[in-house]
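Here are the chains, one letter per residue:
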Amino acid sequence: MKHRVVILGAGFGGLELATVLSEALAADVDVTLIDKSDAFVFGYSKLDVMFGRTTLDAVRLAYRDISKSGVRFLQETVTEIDPEARRVTTDGGVHEADSLVVALGADYDLDATPGLVEGGNEFYSVAGAAQLGEVLRTFSKGRAIVGVCGAPFKCPPAPSECALLLHDYLSARGVRDDCEISFVIPFGTPVPPSPDTSRALVSAFAEREIEFVAGRRVSSLDPARRVAVLDDGNEMPYDLFLGVPKHRAPDVVVASGMTEDGYVPVSPETLQTRFPGVHAIGDVATLGVPKAGVFAEGAARVVAASLIAGIRGGEQPASYDGRGSCYIEFGAGRVGRVDVDFLSGPKPTGTYHEPSAALVAEKRQFGSSRRSRWFNR
Ligand SMILES: Cc1cc2nc3c(=O)[nH]c(=O)nc-3n(C[C@H](O)[C@H](O)[C@H](O)COP(=O)(O)OP(=O)(O)OC[C@H]3O[C@@H](n4cnc5c(N)ncnc54)[C@H](O)[C@@H]3O)c2cc1C
């Protein structure tokens, strides 16, 4: 019988893992890739949709287009995970695995920030970003706050990008002078591992008169008074709130008993959980790296290499290196990059590459290469 790999979640991590396994083992593996959605959307596309740079239809990559030897995609919702038995229950049936990989990402806990649902908006889900795009069209006066409601959160540079792109959006509509933009983030700097990147972002905020409030988290909103309450008790009035909601592991993962302190602990070298034959990759895992697609992808490659070595025989792969590059939109069509290394030294480090035309092209290539690799498009 072929080795049965069940991958839960077809995001950055799950898609890359299924692709590498298919390329290396097509005839010798039976991969089941499960996701509740019908399409994948790149995280950064949410900003593009929100600011009217593209449409939702244009950025949705339908899972029905996945055509990989040895891989079967199922659109089902995972309702129960038994990591000891490596058995998964979904709304479509029960799936038994020889190797189980949990790649279910991070969910949003909107209720953790009182007032957010009634009086604010979030731009971290596809639906939230699309809806905020509608709200933005009618915003032409007053104070907008881009506010982070909890850490860790996905793609640490994304809220900075949101503030800068909001400046562009309001300028293009000719209403920037009637609006204020404030940006609240719980870190001391926008991208803590890279002082150079942080300096460049802070000076971009200053040039655009974006108020930068560092080291503070938005703990609640009072919709009646239209104030955001920070974790030190200070209040900031707002007319429009663009929030990064508090994150948490999906409920089904928490209920499985795999989590500690909110996420799934794994070996940083192998991504192995404490359950034999069960790995966790990407945002759902606690690994000491940021929650970003590039890190989920890197982890997927290590797990793939380990499974391939196990099935074919051979050396186990080198440890996961915790390195990745993130592109950063500075506005006005400018794109920079930060290369971060989280695991090799005593402290994370980051190298800044200032915006250039080459990086605009590189970011485009980043998306198109994954699109063709994962979806043959
Ligand atoms: C605004 C924004 C901008 C970003 N920009 C970047 C960027 O430029 N570069 C970058 O590297 N990262 C970026 N990210 C972060 C990136 O999107 C995530 O970190 C990445 O998608 C994590 O990959 P993952 O595989 O762990 O989880 P995900 O990609 O989130 O995939 C998890 C999958 O699990 C599925 N799922 C969840 N629960 C269930 C269930 N019960 N049953 C079935 N399926 C389920 C979900 O539908 C989802 O498809 C950005 C994120 C945001 C919000």
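Quick notes on the rules
Residues numbered from 1 in each chain as written. Predicted model: local features only at pLDDT ≥ 70, side-chain atom pairs only at ≥ 80, totals over all residues. Helix = DSSP H or I, 4+ residues; strand = E, 2+ residues; numbered from the N terminus. Rg over C-alpha atoms; globule rule 2.2 N^0.38 Å. Buried ≥ 20, exposed ≤ 12 C-beta atoms within 10 Å, placed from the backbone. Contact = placed C-beta atoms within 7 Å. Core = buried A, V, L, I, M, F, W, Y, C linked by C-beta atoms within 7 Å. Near = placed C-beta within 6 Å. Nonpolar A, V, L, I, M, F, W, Y, C, P; charged D, E, K, R; others polar. Pairing = 2+ DSSP bridges. Right-handed = clockwise from strand over helix to strand, strands pointing away. Axes fitted to C-alpha atoms, helices over the stretch in contact; angles between N-to-C directions. Parallel < 35°, antiparallel > 145°, perpendicular 65-115°, else oblique. Left-handed = near helix turned anticlockwise from the far one by under 90°. Domains from an automatic or database assignment.

### Quick notes on the overall build of the protein chain
Reasoning step 1: Along its length, the protein chain carries ten helices and 25 strands.
Reasoning step 2: For 377 residues, the compact-globule estimate of 2.2 N^0.38 gives 21 Å, and the protein chain sits close to it at 21 Å.
Reasoning step 3: Its C-alpha atoms put the protein chain at 65 × 45 × 40 Å along the principal axes.
Reasoning step 4: Residue burial in the protein chain is summarised as follows: out of 377 residues, 43% are buried.
Reasoning step 5: The long-range fraction of contacts in the protein chain, counting pairs at least 24 apart against all pairs at least 6 apart in sequence, stands at 66%.

### Some details on the nonpolar core
Reasoning step 1: Membership of the largest hydrophobic core comes to 110 residues, with the highest contact counts inside it found for Ile7, Val102 and Val284.
Reasoning step 2: Ranked by the residues each element gives to this core, the list is headed by helix 9 (residues 293-312), at eight residues.
Reasoning step 3: Leaving out residues up to four positions away in the same chain, isoleucine 7 has contacts with Gly14, Leu17, Ala18, Val31, Leu33, Ile34, Val101 and Ala103.

### Observations regarding the site of the ligand
Reasoning step 1: Around the ligand there are 35 residues in total, and Gly9, Gly11, Gly43, Gly105 and Gly282 lie nearest to it.
Reasoning step 2: Mapped by element, the contributors of at least two residues to the shell around the ligand are helix 1 (12-25), strand 2 (29-35), helix 2 (43-50), helix 9 and strand 23 (323-331).
Reasoning step 3: Here the shell around the ligand takes four residues from helix 2, the largest share from any one element.
Reasoning step 4: The class makeup of the residues in the shell around the ligand is 19 nonpolar, ten polar and six charged.

### Re the pairing of strand 13 (residues 179-185)
Successive residues of a regular strand alternate their side chains across the two faces of the sheet.
Reasoning step 1: Most of strand 13 sits out of view: five of its seven residues are buried.
Reasoning step 2: Pairing of strand 12 (residues 142-148) with strand 13, which is carried by six bridges, proceeds in the parallel orientation. For valine 146, the partnering residue across the bridge sits in strand 13 and is phenylalanine 183.
Reasoning step 3: Note on the crossover from strand 12 through helix 6 (residues 158-172) to strand 13: the handedness is right-handed.
Reasoning step 4: Read as a crossover between parallel neighbours, the route from strand 13 over helix 7 (residues 195-207) to strand 14 (residues 210-214) is right-handed.

### A short note on the sheet that holds strand 15 (residues 218-222)
Reasoning step 1: With respect to topology, three strands assemble into an open sheet ordered 15-16-17, the strand pairing being antiparallel. Whereas interior strands pair on both sides, the edge strands pair on one side only; in this sheet they are strand 15 and strand 17 (235-237). The average angle at which neighbouring strand axes cross in this sheet is 25°, direction not considered.
Reasoning step 2: Relative to strand 16 (residues 227-230), strand 15 runs antiparallel, the two sharing four bridges. Bridge assignment links valine 218 to a residue of strand 16, and that residue is leucine 230.

### A closer look at unusual backbone geometry
Reasoning step 1: The amide bond that connects alanine 151 to the next residue, proline 152, takes the cis arrangement and shows omega of 0°.
Reasoning step 2: With respect to the helices, strands and loops of the structure, proline 152 is situated in the loop between strand 12 and helix 6.
Reasoning step 3: The residue aspartate 261 is not glycine, and still its phi comes out positive at about 50°.
Reasoning step 4: The topology assignment puts aspartate 261 in the loop between helix 8 (251-255) and strand 20 (264-265).
Reasoning step 5: One non-glycine residue, leucine 271, adopts positive backbone phi at about 65°.
Reasoning step 6: By the element assignment, leucine 271 lies in the loop between strand 20 and strand 21 (278-280).

### Considering the packing of helix 2 against helix 5 (residues 126-137)
Reasoning step 1: The geometry of helix 2 relative to helix 5 is characterised by a closest axis approach of 8 Å and an angle of 20° between their N-to-C directions. It follows that helix 2 is roughly parallel to helix 5 by the angle criterion. For the pair helix 2 and helix 5, the sense of crossing is right-handed. Residues Lys46, Val49 and Met50 of helix 2 touch helix 5, and the partners they reach there are Val126, Ala129, Ala130, Leu132, Gly133 and Leu136.

### Some remarks on the domain arrangement of the protein chain
Reasoning step 1: If you check the domain split of the protein chain, you get domain 1 (3-106 + 249-321) and domain 2 (111-246).
Reasoning step 2: On a C-alpha basis, the centres of domain 1 and domain 2 stand 30 Å from each other.
Reasoning step 3: With five residues, helix 2 is the single largest residue contributor to the side of domain 1 that touches domain 2.
Reasoning step 4: A per-class count over the side of domain 1 that touches domain 2 returns nine nonpolar, two polar and three charged.

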